[in-house]
Amino acid sequence: MNDQPKIVAVTPLDSPFAEPGVPQIRNVNWAGTWALYRKEVRRFMKVQLQTVWAPAITTLMFLIIFIVALGGSGRTVMLRGEAVPFADFIAPGLIIMGMINACFANASFALMVGKVQGTLVDYLMPPISVGELLFALVSSSMTRAIMVGFALWGAMALWPGVHVTPAHLWAVVWFGLLGTSFIAFLGVLTSIWAEKFDHGAAITNFVIGPLALLSGTFYSIDRLPPLFQGISHANPFFYIISGFRYGFVAAADTNVVIGSSVLLGLNLVLGGLCYTLLKRGWKIKA
């Protein structure tokens, strides 16, 4: 009898391990994407007083100050020939502005803090694709923006003299999602580019802040000179605020179909750019 062990050749198909360079998860890694999404949401929810409630209260102060400074109720704003009470005009703009600031702050933080603290490998090593990584970062930022938006909406609904009952709920949802996703892609792009906190703060102070404040949040662009009306139409934030306001007061500074098309196109462009840069590892991988 031959007592020598029998050697059996194991083919790649018999092996439980994939060949080098062949992914084992061939479809969408829902578990990994959900885990990263939860991780990002739990990160800002641990300090929700700073990330959700503080921005909501700060934005609410704008509403109170403007109403008091203008002598309470009674003032109206002409919006495409329709007289809209000033409080009802400014409230939707403040809600979406608070959502924009919160969304950008969250999206621009994740990868940037990984570079600063040396924990970027936590985003690169898990078995998730570039698309899944981008989806988790964007959706978690949109979640924070939606939480801030609901907090603001609830506070303004209780404020006397302010009516924030949606006239077109579809427009509120559609432009809220388009606007926050656009800002989230912009935040991820900033997070990819930035190498320190000063870079992120510079984009917030010199790009996001001015574009949000000069987008028709506090005034109707119909009262501006033609030159500044053209500049306002070149501001993508204008279409976010105008469309979102249309959902509440059924009047907008511009055609909502045009605004929707512009935002949809910008989302596709920025989403493709973020995906390409993440895939190439620009400023992320050695």
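Quick note: structure is the one above.
As a starting point, this report considers the structure included with it. (Residues numbered from 1 in each chain as written. Predicted model: local features only at pLDDT ≥ 70, side-chain atom pairs only at ≥ 80, totals over all residues. Heavy atoms only, no water.)

Moving on, we get to the packing of aromatic side chains. Under the criterion given, the structure shown has nine aromatic pairs. Ring plane angle 25° and centroid distance 5.5 Å describe the contact between W34 and Y37, whose orientation is recorded as stacked. Of this pair, W34 and Y37 both sit in helix α1 (residues 30–45), separated by three residues, roughly a single helical turn. When the centroid spacing of 5.2 Å and the interplanar angle of 70° are considered together, the rings of F238 and Y239 count as edge-to-face. Both residues of the pair, F238 and Y239, count as buried. An aromatic cluster is built from F62, F66, F86 and F218, whose rings are joined through pairwise contacts. Taking the ring centre of F89 as reference, the NZ or CZ of R245 above it sits at 3.8 Å. (Phe/Tyr/Trp six-rings, centres within 6.5 Å; stacked < 30°, edge-to-face > 60°. Helix = DSSP H or I, 4+ residues; strand = E, 2+ residues; numbered from the N terminus. Buried < 20%, exposed > 50% of the residue type's maximum accessible area, 1.4 Å probe, protein only. Lys NZ or Arg CZ within 6 Å of the ring centre and 35° of its normal.)

Note that I96 resides in helix α3 (residues 86–107). With relative accessibility at 0%, the residue I96 sits in the buried group. In this structure the C-alpha to C-alpha distance between I96 and V148, which are 52 residues apart in sequence, comes to 9.2 Å.

Considering the arrangement of structural elements, one finds N29 in the segment before α1. Since its relative accessible area comes to 11%, N29 is described here as buried. With near-sequence residues (within four places) excluded, N29 lies in contact with P127, I128 and E132. (Contact = heavy atoms within 4.5 Å.)

The next subject is the packing of helix α2 (residues 48–69) against α3. The N-to-C vectors of α2 and α3 enclose an angle of 160°; their axes lie 9 Å apart at closest approach. Regarding the angle of α2 to α3, the classification is roughly antiparallel. The way α2 lies across α3 gives a crossing that is right-handed. Packed against α2, whose contacting residues are T59, F62, L63, F66 and I67, the element α3 presents F86, A87, I90, L94 and G98 at the interface. Looking at the contact of α2 with α3, its residues break down into eight nonpolar, two polar and no charged. (Axes fitted to C-alpha atoms, helices over the stretch in contact; angles between N-to-C directions. Parallel < 35°, antiparallel > 145°, perpendicular 65-115°, else oblique. Left-handed = near helix turned anticlockwise from the far one by under 90°. Nonpolar A, V, L, I, M, F, W, Y, C, P; charged D, E, K, R; others polar.)

Okay, a nonpolar patch on the surface next. On the surface, I146, F150, W153, L169, V173 and L177 cluster together to form a nonpolar patch covering roughly 580 Å² of accessible area. Among the elements of the structure, α6 (130–158) and α7 (169–193) are those that each provide at least two residues to the nonpolar patch. By secondary structure assignment, the location of W153 is in helix α6. Residue classification places W153 among the partly exposed residues on the basis of a relative accessible area of 36%. (Patch = residues over 30% accessible without salt bridge, like charges linked within 9 Å, V, L, I, M, F, W, Y side chains within 5 Å. Areas by Shrake-Rupley, 256 points an atom, 1.4 Å probe, with all protein chains shown as cover. Salt bridge = Lys/Arg side-chain N within 4 Å of Asp/Glu carboxyl O.)

A separate point is helix α11 (residues 256–280). The end-to-end C-alpha distance of α11, which contains 25 residues, comes to 36 Å, matching closely the 36 Å that a straight helix rising 1.5 Å per residue would cover. Residues of α11 that are buried: V256, G259, S260, L263, N267, L270, G271, C274, L277 and L278. Elements that come into contact with the buried residues of α11 comprise α4 (110–117), α6, α7 and α10 (236–249). Capping the start of α11 is the job of one residue whose side-chain oxygen sits 2.7 Å from the backbone nitrogen of V257: N255. (Expected span 1.5 Å × (residues − 1). Polar contact = N/O pair within 3.5 Å; in protein donor to acceptor, adjacent residues only side chain to side chain.)

Okay, the packing of α1 against α6 next. It is at 9 Å that the axes of α1 and α6 come closest, and there the two elements cross at 35°. Seen along the crossing, α1 lies across α6 with a hand that is right-handed. Only E132, L133, F135, A136, L137, S139, S140, T143, R144 and M147 of α6 make contact with α1, whose side of the interface consists of T33, L36, Y37, E40, V41, F44 and M45. A per-class count over the contact of α1 with α6 returns ten nonpolar, four polar and three charged.

All right, on to the pairing of strand β1 (residues 76–79) then. For a regular strand, side-chain orientation follows a simple rule: the groups alternate between the two sheet faces. With burial as the criterion, only one face of β1 is covered, namely that bearing V77 and L79; the residues T76 and M78 on the opposite face remain uncovered. Inspection of the sheet shows β1 paired to strand β2 (residues 82–85) by four bridges, in the antiparallel sense. Along β2, the bridge assignment pairs L79 with E82. The turn linking β1 back onto β2 is made up of two residues, and R80 within it adopts a positive phi angle of 55°. (Pairing = 2+ DSSP bridges.)

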